[in-house]
Structure formats: structure tokens, C-alpha cells
Amino acid sequence: MPLEKFNAAEVEARIYADWEASGCFAAGANARTDAATYCVMIPPPNVNGSLHVGHAFNNTLQDILTRWHRMRGFDTLWQPGQDHAGIALQLAVENKLGESGIKRTDLSRDEFLTHAWKYKEATADNIVGQLKRIGASCDWSRNAFTMSGAPGDTRTGHENSPNFHDAVIKVFVQMYSEGKIYRGKRLVNWDPRFETAISDLEVENIETPGHMWHFKYPLAGGATYEYIEKDEDGNETLRETRDYISIATTRPETMLGDGAVAVHPSDERYAPIVGKLCEIPVGPKEHRRLIPIITDEYPDKDFGSGAVKITGAHDFNDYQVAKRGNIPMYNLMDPRAHMRADGQAYEIEAGIAQQIANGEREFSESMIAAMNLVPDEYRGLDRFEARKKVVADITAEGLAVMETFTSTDEDGNEVEGTRPYVENKPIMQPFGDRSKVVIEPLLTDQWFVDTDKIVGPALDAVRNGDVKILPESGEKTYFHWLENIEPWCISRQLWWGHQIPVWYGPSVTHIENEDGTASDEWDTQNPVHFCAATHAEALELAVDYYMPTGARGFLVDEEAQSPEESISLKYQEDGQPVRLWRDPDVLDTWFSSGLWPIGTLGWPEDTDALKRYFPTSDLITGQDILFFWVARMMMMQLAVTDQVPFDTVYLHGLVRDAKGKKMSKSTGNVVDPLDLIDEFGADALRFTNAAMASLGGALKLDTQRIAGYRNFGTKLWNAASYGDMRGTFDVPHSDAVPETQHPLNAWIKGEVAKTREAVDAALAEYRFNDAASALYAFTWNTFCDWYLEFTKPIFDEGTEAEIAETKATYAWALDQCLILLHPIMPFITEELWNKKARPKKLIHADWPTYTTALVDADADAEVNWVIRLIESIRSARAQMHVPAGAYVPLVVKGFEDNARAAYARNEALVKRFARLESLNDVDDFPKGTVALAVAGGTFGLPLADVIDVGAEVARLEKTLGKLSKELGGLRGRLKNPKFAQSAPPEVVEETKANLALREEEEAKLNEALTRLKELG
């Protein structure tokens, strides 16, 4: 009786629950005595996130390697966990509060964090449950969280959930004390919606309609110069006297903060005015600033006017120029991206700035930071409103570059006019991936890791081979980024996260007065830092600072402590309190996730898990976070432990749709992996993921392909059902390779061994697609199509000994299919494995170690020859359109003895599966015989009396005619330059692939036509 139909939804839930309840995923489960360790760290998904196709792909590969090592007896740990998701979770909580009309700013920090922890607890299990749907065999008892142990956490403290918060704080304090972390003012990506710095990974650069305005910066004092343009041959094309220098900008509102205008050193057009001053064409005329014209390698003299304004506080390229040229960087905006409204009146600030530009006054960073160069009439405006006003004011003053244009008047006559020169052009606009607002480059005070001090060991680890990055192209990218690395901004202006363990207090300068007395100067504008793991430790540092001689005493003013854990010190001599305040910022999530390998294993405690599993083994992650996570883990682990965090990094690309197009909600091609699992089952999706995982290859997720692998699962299930009907399930379980006499059974043993070696070699080299391909070919073709079919005559007509041997061999070969397929398709294989009594579950079955020594050369040669003969006959029949039910003769010339003997032993098989009527020796082929390319003789099929050759020739020629027109269209499209330039890349690739398929079809049809014509 056949097995009941496989119900994926029922089986997957039941099997997974049984694995989990039985502790099958626990660290060390199924490990041999003194086994080597194998540890994989999951790239922690956002704690409030949902499974997407990238997660499904990434975690499938991790699970394949974990299951493969676990079955091989390794002491295995797949470490799970989630990231606290900084901005993402804070946004979700703010949106949730907004449903009740509550704003974050209506709450205290502690009140908001209470809501955040509740939200985290309510959503944390969602992503875990979804990972379980794809079969992820993580040790969930060790599920980690990047903020476990932080204030407000109620679910930490047990042995398998280390205090990650304490580890993060300890590393910050340690790196601060070593001079590897500092506070400074630098340009960062600023999100005005959240009022925080964000990382490059959280910025989406989107092409949007934009404008390029061209303005005149008048030369100081009415100075003029001869402006000359020349062509490539040096011929003069334009000469005019100018009293200005022209610049172009997409952000006119930032002109208010210009520090200079830069031209390339080799640009002869501007050589006469380099070193002179020009006037920013906006703001009150009587207080208008003059800035220098400088040279720098940054401007491209062939782009626009060749002159660029340098606004160091609002552009990343300008920032570098300003640093090189010691140009002041004036910040124009507040945290909401409104024009600043603080500071002194504009006329005072502009006067000071002019003294700086004239070289009459020295300036410091703090001095420049305090200055507000926004004219009074622009202060408080939104940046985009300010942009409109700046453009209007400059244009009204006649300082916009003008262009000539032609129009038609009421009488139909062409007339010339002038208008401001404004280019309408698409620009790449940076948006916050969460806030969806335009990101502003902003000069702010932030905390930074001095990457120059920790990057060296991370570079050396890859250069000397301690860590291997796959594909190799990833190493080049890794080196390029780290060799050009900038300081790493690790502070975020959020409430959800690890609060930076730094307290501030006023700096004190002890002054000896003329009368011999001493007094202190207190400066809150330039505070001193106290970096410590706890406020109690910070207090000790503060006491040491404020009473260095011990002569003056301070007491803790307990009543003055604020909810933010600020510290109050009371100066005993005059009772004046010295209040310390804690830095309100939190750490970038990449800082805490950069400690993921050691933090999840219990560091800084010397835990058994840390000793056993660190350094870890493989890291599988997307190539898009090579910089943001992989490189930072390398730097951080080496800085903290002097050890690499893993030995191999496997980088994969972005999972795209079937046409190679990036998935996005706007294009409507996003695929939910849970929907795919509901429709096709987890095993089919997992096999698809493995099959498309070629090193460095494109990842195209095609639902038709998933459906095909579901059919593959059905094929395996049917093969098991056939075995059950033939009594193979009654054969007692044995790990031993069966003894065989029959060539067919000896042959399948060798094929199993070849497959085992191919799979192991592929997985060892992270060629998941090759492992999947080998398993598919063996299971579908070798085992199900050939071996299964060839056993039928034996089961039907064989001797008792042949039947018993075939039962045992079939049972063993099916078991090997299940074992070898299990890492990729765990559910259906475990379900079939459990259909008969076993000593242990398939997830813990012993991975086979037999080799191709099992190959019986004679049996291998014989059975493979029989298969090739049958395939060749079938192919010729199909090409010639021989009726499927027709039995045809086979003729042979020069039949070799070994081939004749092989045919004699397998005559029934060949006749049955090739639908042969007979085999006859001939001296010459009769007319109308199709030759077959098979060794052992010259074989042919006499078909002149079986098919209508003329009708078949006409049919093929007609088909080839239609195909030729289609090929012409495809080739013409690809040769058209406009198509290659304007069509989306995925459309071009699809057209190329379609052409290749049609050309392959044409070749086969031409081969068949040639054969048919030979018959005539």
C-alpha cells in the first residue's frame, strides 16, 4: 500500500516541535567524544523584524552547514539572537504611542523605555517563530539579545543568556581608556525626523527630480579679470571681462555657510583670481561676507563652471577640502534641519567670520561651532523654505547666471529673452531608510572609534590567511574599505539603546590670585569627561578630579540625583553643588553587534561556551554589510581579545526576483517567504535557496523553480512509497553497506559513493549549488528514474536471492538519499526516515564516510552502457517523432563482445524501456536508418517504414522558419545601442538568456532535420 500523501504544513510543524522538544539543536548535541567544534553566529535580525527572502536565503545556508557538521559528529553551535534595532524599534514604539496621541517628547526617558521594553517583549518571538518555519536548527535555549542586561530588561541572567549590555559598556570604557574612542566634531549623516546621526547603511540614495542653480559670486572691491575658454586644440572660443566667479549648486540654502570657493590648480581660467576674495551673493548687503578663492584637487574643471563652493559643515566632499585647507566650517541648521535661530545677531557673527576670512583672527573649533551665520530673515525657516527664499533673493538682486532663450510672441514671431540659468536634472538624494526624509550632512559633536588604531590587525588577519573571505572579490572590497577607513561614528541621539557610559562635569582651572589666595574657574562649555561602567565608578573619577590634593572634600548629594542617573557632588567648603550629567546619547547598533561573537558567548566572563566555541567557524552574511558588520567585528574582536572572530566569511548578494530585478514594494515584486512556504513547503524553498547559491552568482528567486523542487520532493516521496510497496521498509535498519552480486545493485552503491564525495567536496568549498545539483541529479535521475525502474523486473521476475539483495540495497540507497539530502531538505527526509524503526532521529544520523572504493568497475561500465543505449534510442525516437507506443527494431554493425554480453544480460531492460522490438546484426544499415552514438558497435534505428519522413521534414522546416524570425528579432534588439542604453539591466539580461535558449532549440531542431534528410 503506498504512503499517504505528504502534507508539508502538518509534517513541518510536527517534526520541528519534536526536534525542539528532544533537544536536537542544543550545543554539542550528537557530538563525538573529543569532537572538533563548529560554531556559526547568526547575523542577528531586528528584534521587531519579520522574515524576508534575504533572511530565508541566508539562514538556509547556515542551517545546511550546521546540520552537515552536526551529522558528522562535530560539537556544533548555531548561535541565535536578535539585534535591538536602534532607530527601527524606536520608530515602531513612537508610532504605537502615536495611536494613543502620545509623543515621545511627552514622556521622560525612563517612561519611554518602559514602553519600548514592553513592545520588544511583545514582538521578540515573531522573527524567531518565522525562522523556525524554514527549519533553522539554532540552539534556541541560547537565544541572545544585544541589549540583554540593560536597564529595564526583565528576561536576562540565566546561564545561556549572557549580560550583553555589560559587555558592551566594558568594551567602551576599555577602548576609551586606551585612547581608541574619543569625542569630536565631524560631518555625519543626520536624520531630521529622528534628530540623530545614522550610518551609511541606513541611508537610501534615490534618484529624484532636482535643480542645479547657477549663481555669480562677485569679486571683492569690484575687481575684474579676463575670463578665457579654449577648445581641445587650444583655440580661444570665449573671452570676456568678468567681475564674478560662477558656481552651480543643488542646495542654495547652504551658501550661507560657505567658507571658500575652490578651483582646480590647473584651471587657467581662474588663475588670475586665485587668492582673491569673492562675495557670497546672499544676506544683508552691508554685512555680506567675503570668502577666499582657493585651489584644490577636488574640483573637476570640465564639469559645470569648474568652480565649487566649499561648505564644509554640509557636504562630505567639501568637508575634506575644508580640512585640508583649514577653512572654517559653519553649521547652519538645527537638529530638525531648520535654519539656526540661536546665537548672536547676524551682523556680529558675520563680522567675526570676515575677520577669520581676512586672516585677521584665529579661530577654534568650539568658536566656529557657536557661530550662527544665518541672516536674521532666514532664521528658523525649514531648509527647503530657506532654499526658495535664497534663490528668490539672489535672482532679485541680479546675481543669478542668465541664459538666452527663444520664444514665440502673440503674432507668432520668434523673440529672444533671458532667464535665470537653472538646470532641471535628476539628482541622487539621500533619504533615511526608516524616516523617509532627506538626510542632511551635518557637523555635530559625536563619539568616534579611532579606527586607525584598530584597523591594522583586521587587515593583517585577511592578508595572512587567518580569515578567508569568499568570493575572493570580497577581499578586494574589504581591503579597499579598511585601507581608506574614516573614524567610526558610534553615537546616536536616541533613547532606545546602550546609553553611553560617560558623565560630564564643568572643567576647573585653579588660579593663584595676586593676594596669595586660590580660586577656581568653572567652565560648563568645555566639560571634562568621566568614562566609567557605572555612575558609582564615575563618581570616584569625579572626586579624584575635583579634589586632586585631598584638601577639599566633596560629598554625594543623594537627593540631587536625577532619573537619568546624573551625579551631584557637593563642595563642602562653600556648599556649592557640582552637578555631573550623563551623556544622553546611545551607541550605534553596529557597535554592540560588532561584539556579537564574544558577547553571545558570555565575555567578559571566562565561560565554558567562550572557551569552547570562540573563535567561531563560518560567518554567512550579505555582501552589503561587509563594511558595516563583518569588518567591524574583525576590528572589535581583535581589539578586545586579540583573536579573529571567525575563520571564513561567505558573502552572498541580494536576492532578486526571477528577472534579476531588485525587490521593492513600489514595483510590487516583493515575495514573502512565509507565503512560499505555505504554498510549496519549506523544503522546496530551502532547496531553491541552495540551488541558486553559487559563489558570486546572481540570486534570482523564481517561483516556478520552487514549484519544480516541490515536485522533486514528491518524486522522492514516491520513490519511498514504491520501496514500501516492494517490502524495503521491512528490511531491518543497518548503517552497513550491503553486500551485492547483481550488477544493478553494485552499480547503485558506486553511484551513491560518487554522490557522497561530490556533496562533501561541494559543501567543504561552500558551493551549495553544486551540492544541490549533485543531489538532484542522483535522486531524480540515477535513483528514481534508472535504479527504481530497473528494479521492477527483478522484483517481478528475479530469483529469491536477487529480490532479497535488491530489497536490502534499495533500503540502504534510499537511506543514503535521506541522509545526504537532510541538510537541505530536513522535513521530508526526517518524516520518511521515521517511517521505520531507527536507533536515532535523522537529524542525528551518522554522516557516511564511504568512498568511491565502493565503485565496481565492471558493474559501473555495464549499467552505464545500458543507460546510454536506452537514452540514445529515446532521444532519436523523440527527434524523429516516432509514436510513443510503437516498438521499433534496432540494428548493429560490428557488435563488440563486451557490449553483446552486457546487452544479453540486460535485454529485457533495454526492450522494456527503449520500446525495442528486436536487435539484429547487419552488414549494412538499410535505407532510412538513424545512427546512434553509442560505444560497443554501430547502432541504428530503421525508421523509413515507421514515420512519414517528408511530413516530418516539412514540419521541422516550418518550425525553424518561425524560430528564425524570433531569433532575428532578439538579435536585432540586442544589437540596437538604444536598447542596451535605455532598457533596465534585468530586461537586457532576460533578452540575452532568451536568445541563448532559442539558439539552443534551433541547434537541436537542425540536428533532427539533418537526421531526417539523411533518411531520405
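Keep in mind the model is a prediction, meaning the values are calculated, not measured.

Novice: Explain the overall build of the protein chain to me, please; I cannot follow it from the model alone.
Specialist: Along the backbone of the protein chain there are 29 helices and 35 strands. Taken over 1016 residues, the protein chain has a buried fraction of 52%. Looking at the protein chain alone, contacts between residues at least 24 apart form 76% of all its contacts between residues at least 6 apart. On the protein chain, roughly 45100 Å² of surface is accessible, and the fraction owed to carbon and sulfur atoms is 48%. Of the side chains in the protein chain, 105 bear a positive and 157 a negative charge, and the two mean positions are spaced by 6 Å.

Novice: What's the story with the sheet that holds strand β35 (residues 938-942) in this structure? I'm lost.
Specialist: Strands belonging to one sheet form pairs held by backbone hydrogen bonds; the direction of such a pair is parallel or antiparallel. Pairing within the open sheet is mixed, and its four strands lie in the order β33-β32-β35-β34. Every interior strand has two partners, whereas the edge strands, β33 (916-921) and β34 (929-932), have only one. Each neighbouring strand pair of the sheet contributes to a mean axis angle of 30°, computed without reference to strand direction. Sheet topology note: the β34/β35 ladder contains four bridges and is antiparallel. For Val-930, the partnering residue across the bridge sits in β35 and is Leu-941. Sitting on the sheet, helix α24 (residues 857-879) is in contact with β32 (888-893), β33, β34 and β35, with an inclination near 35° to β35.

Novice: In this structure, what is going on with the side chain of Asn-864? I would like to understand it.
Specialist: Mapped onto the elements of the fold, Asn-864 is located in helix α24. What makes Asn-864 buried here is its relative accessible area of 18%. Within the structure, the side chain of Asn-864 is placed 3.1 Å from the side chain of Trp-747, a separation counted as a polar contact. Residues within four places of Asn-864 in sequence aside, it is in contact with Trp-747, Glu-751 and Lys-754.

Novice: Got a minute to help me understand the environment of Glu-111 in this structure?
Specialist: Position of Glu-111 relative to the elements: it lies in helix α4 (residues 109-133). You can call Glu-111 partly exposed: its relative accessible area is 41%. Along the sequence, Glu-111 and Ala-719 sit 608 residues apart, while their C-alpha atoms lie 61 Å from each other.

Novice: Help me out: how do you make sense of the nonpolar core in this one?
Specialist: Soluble, globular proteins show a tendency: their nonpolar side chains are buried together. Ranked by internal contacts, the top residues of the largest apolar core, which has 191 residues, are Phe-172, Tyr-478, Phe-591, Phe-768, Phe-783 and Phe-790. Those residues in contact with Tyr-478 that sit more than four places away from it in its chain are Ala-458, Leu-459, Val-462, Ile-469, Leu-626, Ala-631 and Met-634. Among the nonpolar cores identified, the runner-up in size contains 38 residues, and Trp-190, Tyr-227, Ile-245 and Ile-280 belong to it.

Novice: Explain the pattern of salt bridges here, please?
Specialist: Where charged atoms from two side chains of opposite charge come close, those side chains can pair. Under the definition given, this model contains 57 salt bridges. Arg-612 is the partner of Asp-75 in a salt bridge, and the nearest nitrogen-oxygen pair spans 3.7 Å. One end of the pair, Asp-75, is in strand β2 (residues 75-79); the other, Arg-612, is in helix α15 (residues 608-613), with 537 residues separating them in the sequence. Among the residues examined, Asp-75 registers a relative accessible area of 10% and is labelled buried. The class for Arg-612 is partly exposed, based on a relative accessible area of 43%. Salt-bridge contacts for Lys-468 lead to Glu-475; the nearest nitrogen and oxygen are separated by 3.8 Å.

Novice: What should I look at first to understand helix α26 (residues 907-914) in this one?
Specialist: An α-helical turn contains 3.6 residues, so any two residues separated by three or four positions project in the same direction. Residues of α26 that are buried include every one of Leu-909, Val-910, Phe-913 and Ala-914, and no others. Each buried residue of α26 lies within a common arc of 95° when the element is viewed along its axis, so the set occupies one face. Elements in contact with the buried residues of α26: α21 (768-797), α24, α25 (897-905) and β33. Looking one or two residues beyond α26, the residue adopting positive phi is Arg-915, at roughly 55°.

Novice: Could you clarify how one ought to interpret the packing of helix α17 (residues 673-680) against helix α18 (residues 682-691) in this entry?
Specialist: The relative placement of two packed helices comes down to the angle between their axes together with the axis-to-axis distance. Interaxial distance between α17 and α18 falls to 7 Å at its minimum, and their mutual angle equals 120°. When the axes of α17 and α18 are compared, the pair comes out oblique. Of α18, the residues touching α17 (which contributes Pro-673, Leu-676, Ile-677 and Phe-680) are Ala-682, Ala-684 and Leu-685.

Novice: What should I look at first to understand the sheet that holds strand β18 (residues 440-449) in this one?
Specialist: As summarised here, the arrangement of the four strands in space is β6-β5-β18-β20, forming an open sheet in which the pairing is antiparallel. What marks the edges here is a single partner per strand, and that holds for β6 (196-198) and β20 (488-489). Strand direction decides the pairing type here: strand β5 (residues 181-191) and β18, joined by ten bridges, are antiparallel. When the sheet's bridge partners are listed, Val-188 is paired in β18 with Leu-442.

Novice: Looking at this structure, I do not really get unusual backbone geometry. What am I missing?
Specialist: Most peptide bonds take the trans configuration, and most residues that are not glycine carry a negative phi. Going from Leu-470 to Pro-471, the amide bond is cis rather than trans, its omega being -5°. Tracing the backbone shows Pro-471 in the loop between β19 (468-470) and α11 (473-483). Each neighbour pair has its own omega, and for Phe-614 with Pro-615 the value is 0°, a cis peptide bond. In this fold, Pro-615 is placed in the loop between α15 and β28 (618-622). Here the phi dihedral of Lys-436 falls at roughly 65°; this positive angle occurs in a residue that is not glycine. As for its position among the elements, Lys-436 is in the loop between β17 (422-432) and β18.

Novice: Looking at this structure, how should I read helix α23 (residues 826-833)?
Specialist: Counting buried positions along α23 gives eight out of eight residues, so the element sits mostly inside the fold. Turning to α23, its buried residues number three or more, namely Pro-826, Phe-827, Ile-828, Thr-829, Glu-830, Glu-831, Leu-832 and Trp-833.

Novice: In this structure, what is going on with the side chain of Asn-745? I would like to understand it.
Specialist: As for its position among the elements, Asn-745 is in helix α20 (residues 743-764). Side-chain polar atoms of Asn-745 contact the side chain of Thr-806, separated by 3.1 Å. Apart from the residues lying within four places of it in its own chain, the contact partners of Asn-745 are Thr-740, Tyr-787, Glu-805, Thr-806 and Thr-809.

Novice: Can you help me understand the packing of aromatic side chains in this one?
Specialist: The geometry of an aromatic ring pair is captured by two quantities: the separation of the ring centres and the angle between the planes. With the rule as written, the count across this model stands at 43 aromatic pairs. For the ring pair Phe-112 and Trp-495, a centre distance of 5.7 Å and an interplane angle of 65° mean the geometry is edge-to-face. Of this pair, Phe-112 sits in helix α4 while Trp-495 sits in the loop between β21 (491-492) and β22 (502-512), and the two are 383 residues apart along the sequence. The exposure class assigned to Phe-112 is buried, which follows from its relative accessible area of 0%.

Novice: Help me understand the pairing of β35 in this model?
Specialist: Every other side chain in a regular strand lies on the same face of the sheet, so the side chains alternate between the two faces. A large share of β35 lies buried, amounting to four of its five residues. Pairing of β32 with β35, which is carried by three bridges, proceeds in the antiparallel orientation. Its bridge partner being in β35, Val-892 is matched across the sheet by Phe-939. Adjacent in sequence and paired antiparallel, β34 and β35 are bridged by five residues, among which Gly-936 carries a positive phi angle near 95°.

Novice: What am I meant to see in a negative patch on the surface here?
Specialist: A cluster of acidic residues, Asp-231, Glu-232, Asp-233, Asp-300 and Asp-302, forms a negative patch at the surface. Note on placement: Asp-231 falls in the loop between β8 (225-230) and β9 (236-242). For Asp-231, a relative accessible area of 32% gives the class partly exposed.

Novice: Would you explain the state of the cysteines in this entry?
Specialist: A covalent bond between the sulfur atoms of two cysteines is what we call a disulfide. Summed over the entire model, instances satisfying the criterion amount to zero disulfides. Of all cysteine sulfurs, the one in Cys-138 lies closest to Cys-24, which takes part in no disulfide; the gap is 14 Å. A relative accessible area of 2% places Cys-24 in the buried class.

Cut-off values and rules
By convention here, each chain's residues receive numbers from 1 onward along its written sequence. In keeping with the model being predicted, local features are shown solely for residues with a pLDDT of at least 70 and side-chain atom pairs are shown and tallied solely at 80 or more, while totals for entire chains, interfaces and linings include all residues. The side-chain quantities take in all heavy atoms of the structure and omit both hydrogens and water. We count a stretch as a helix when DSSP gives it H or I for four or more residues in a row; a strand needs E for two or more, and each element gets its number in order from the N terminus. In this scheme, a residue with accessible area under 20% of its type's maximum is buried, one over 50% is exposed, and one in between is partly exposed, where area comes from a 1.4 Å probe on protein chains only. In this description, contact between two residues means that some pair of their heavy atoms is separated by no more than 4.5 Å. Only the protein chains shown count as cover for residues, and the accessible areas themselves come from Shrake-Rupley with a 1.4 Å probe. We count Lys and Arg on the positive side and Asp and Glu on the negative side, and we leave His and both chain ends out. By convention, the point assigned to a charge is CZ for Arg, NZ for Lys, CD for Glu and CG for Asp. Two strands are said to pair when DSSP picks up at least two bridges between them. Structural elements are reduced to axes, namely lines fitted to C-alpha atoms, with helices fitted over the stretch in contact, and the angle between N-to-C directions of any two is expressed from 0 to 180 degrees. Under this definition, polar contacts are N or O atom pairs within 3.5 Å; protein pairs additionally need one hydrogen-donor-capable and one acceptor-capable atom, and for neighbouring residues in sequence, both atoms have to be side-chain atoms. We call a set of buried Ala, Val, Leu, Ile, Met, Phe, Trp, Tyr and Cys residues a nonpolar core when their side-chain atoms join them within 4.5 Å. Each reported salt bridge corresponds to a side-chain nitrogen of Lys or Arg within 4 Å of a carboxyl oxygen of Asp or Glu. Picture the helix axis, draw a direction to every C-beta atom, and the arc is the one those directions span. Just so you know how the angles are binned, under 35 degrees is roughly parallel, over 145 roughly antiparallel, 65 to 115 roughly perpendicular, and the rest oblique. For Phe, Tyr and Trp, where Trp contributes only its six-membered ring, two rings pair if their centres lie within 6.5 Å, and the inter-plane angle classes them as stacked under 30 degrees, edge-to-face over 60, or tilted in between. Patches here: salt-bridge-free residues with over 30% relative accessible area, like charges joined within 9 Å, nonpolar side chains (Val, Leu, Ile, Met, Phe, Trp, Tyr) joined within 5 Å. Here, the term disulfide refers to a pair of cysteine sulfur atoms separated by no more than 2.5 Å.

Shape descriptors only; they carry no functional weight alone.
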